[in-house]
Each structure stands twice: as C-alpha cells, then as structure tokens.
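# Notes for the structure review
Each chain, letter by letter, is given below.
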Amino acid sequence: AGQAGRRHMAHKGRNVFGYKVFIFLGLCALLHAGYSTIQYRRYLRMVDQDYKGSPLDVQLECLIGCALSLFGVVGIADDLEPVRLAETYHDKTLDDVSFRPEFMTFNHRGRVLGLLSQAAPPGQAGSKKTN
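Attention in this report is confined to the structure presented alongside it. Keep in mind it's a predicted model, so treat the numbers as computed, not measured.

Reading the values: rules and limits
Residues numbered from 1 in each chain as written. Predicted model: local features only at pLDDT ≥ 70, side-chain atom pairs only at ≥ 80, totals over all residues. Heavy atoms only, no water. Helix = DSSP H or I, 4+ residues; strand = E, 2+ residues; numbered from the N terminus. Buried < 20%, exposed > 50% of the residue type's maximum accessible area, 1.4 Å probe, protein only. Contact = heavy atoms within 4.5 Å. Areas by Shrake-Rupley, 256 points an atom, 1.4 Å probe, with all protein chains shown as cover. Expected span 1.5 Å × (residues − 1). Arc of directions from axis to C-beta. Phe/Tyr/Trp six-rings, centres within 6.5 Å; stacked < 30°, edge-to-face > 60°. Lys NZ or Arg CZ within 6 Å of the ring centre and 35° of its normal. Patch = residues over 30% accessible without salt bridge, like charges linked within 9 Å, V, L, I, M, F, W, Y side chains within 5 Å. Salt bridge = Lys/Arg side-chain N within 4 Å of Asp/Glu carboxyl O. Polar contact = N/O pair within 3.5 Å; in protein donor to acceptor, adjacent residues only side chain to side chain.

When you go through the protein residue by residue, the secondary structure sums to five helices and zero strands. Helices (α) and strands (β) of the protein occur, in sequence order from the N terminus, as α-α-α-α-α. Taken over 131 residues, the protein has a buried fraction of 10%. Long-range pairs, those at least 24 residues apart, make up 73% of the contacts in the protein between residues at least 6 apart in sequence. When the accessible surface of the protein is summed, it comes to about 11,800 Å², and 61% of that surface belongs to carbon and sulfur atoms.

Take a look at the structure:
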C-alpha cells in the first residue's frame with residue numbers, strides 16, 4: 001500500500017505544474033477582464049453614455065478565466081475518499097453522537113420562574129396580588 005501511495009503521489013507531482021499554469025492563466029484572464037471593465041466604464045464616462053453592463057468579450061473572458069481556474073484547482077486537489085460512517089460510529093450510542101455541549105444553556109427564564117414559584121405562597125404560584 002505504501003509503494004502504491006508513493007507512485008500515486010509521484011504521478012500527481014508531475015502534473016501539478018500544468019494545473020498551476022491553468023490557475024495562473026485563469027487568474028490573469030480574470031484580472032484582465034476586470035481591468036477591461038474599468039477602462040470601458042472610463043470610456044463611457046468620457047463619451048457621456050450610461051453603463052449598461054460589460055461588453056460580450058469581457059463577459060466571455062470572465063467565463064473562460066473561471067473555467068481555467070476551476071480546472072486547475074480541481075486538478076491539483078487530492079482524490080476524494082469515501083465517508084465510512086459505520087467505522088466511525090459503530091461503538092457509540094445515540095446519546096454520544098447527539099451530545100453537543102455548545103448548545104446547552106443554563107441562563108434561561110426557567111430558573112427565574114422556579115425561584116418565583118418557590119417564593120410565592122402555596123396556591124398563588126407565579127401570580128401577583130392586585131388591590
């Protein structure tokens with residue numbers, strides 16, 4: 001298993017540079033599209049026209065830049081591993097799995113209501129006298 005893992009990593013190591021080139025080209029295309037949009041807006045202000053959106057070539061450049069970057073990131077990422085819940089939770093009870101202390105709160109109105117019911121005389125728990 002160790003030798004197969006090393007072979008897999010060596011295979012990934014050869015291709016990583018190519019994927020980094022895709023990421024770099026995609027980010028450059030996105031930066032250029034942003035710069036082109038800024039220049040286009042300046043031009044429209046100069047000729048006194050309203051901005052109604054980026055030109056089609058800038059939108060296509062954004063799409064291609066995103067696609068190149070996505071291809072590079074997905075290519076660099078490690079292979080997905082299956083989630084084996086049975087191995088993780090086979091010896092745990094439902095109480096162990098659902099125990100979340102961060103959701104426990106002890107500062108709530110139940111404590112105050114309990115104190116009020118103890119302080120009031122029997123038969124008038126929680127009620128106030130009015131004259």
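A few words now on helix α2 (residues 56-76). Helical geometry note: an α-helix holds 3.6 residues per turn, so side chains three or four residues apart project in the same direction. Helix length check: α2 (21 residues) gives 30 Å between terminal C-alpha atoms against 30 Å at 1.5 Å per residue, within 8%. Inspection of α2 places Val-58, Gly-65, Ser-69, Gly-72 and Gly-75 among the buried residues, and these make up the whole buried set. The buried side chains of α2 occupy one side of the element, clustering within an arc of 130° when seen end-on. Those residues of α2 that are exposed and aimed more than 90 degrees away from the buried face are Leu-56, Leu-63, Ile-64, Leu-70 and Val-74.

For any two aromatic rings, the description comes down to two numbers: the centre-to-centre distance and the angle of the planes. Under the defined criterion, the tally for this structure stands at three aromatic pairs. A connected cluster of aromatic rings, assembled from ring pairs, spans Tyr-19, Phe-22 and Phe-71. In this structure, Arg-41 packs its charged tip against the face of Tyr-51, placed 4.3 Å from the ring centre.

Before going further, it helps to examine a nonpolar patch on the surface. A grouping of Phe-17, Val-21, Phe-24 and Leu-25 is seen on the molecular surface, where their side chains present a nonpolar patch of about 430 Å² in accessible area. Within the element layout of this structure, Phe-24 appears in helix α1 (residues 2-46). Taking the relative accessible area as the measure of exposure, Phe-24 reaches 55% and is therefore exposed.

By the secondary structure assignment, Ser-54 is in the loop between α1 and α2. Measuring from C-alpha to C-alpha, the distance between Ser-54 and Arg-41 comes to 8.5 Å, with 13 residues separating the pair along the chain. Of note is the side chain of Ser-54, whose polar atom sits 3.0 Å from the side chain of Tyr-51.

Glancing now at the environment of Cys-62. Along the chain, Cys-62 falls in helix α2. Distance in space between the C-alpha atoms of Cys-62 and His-32 is 8.8 Å, their sequence separation being 30 residues. With near-sequence residues (within four places) excluded, Cys-62 lies in contact with Leu-30 and Ala-33.

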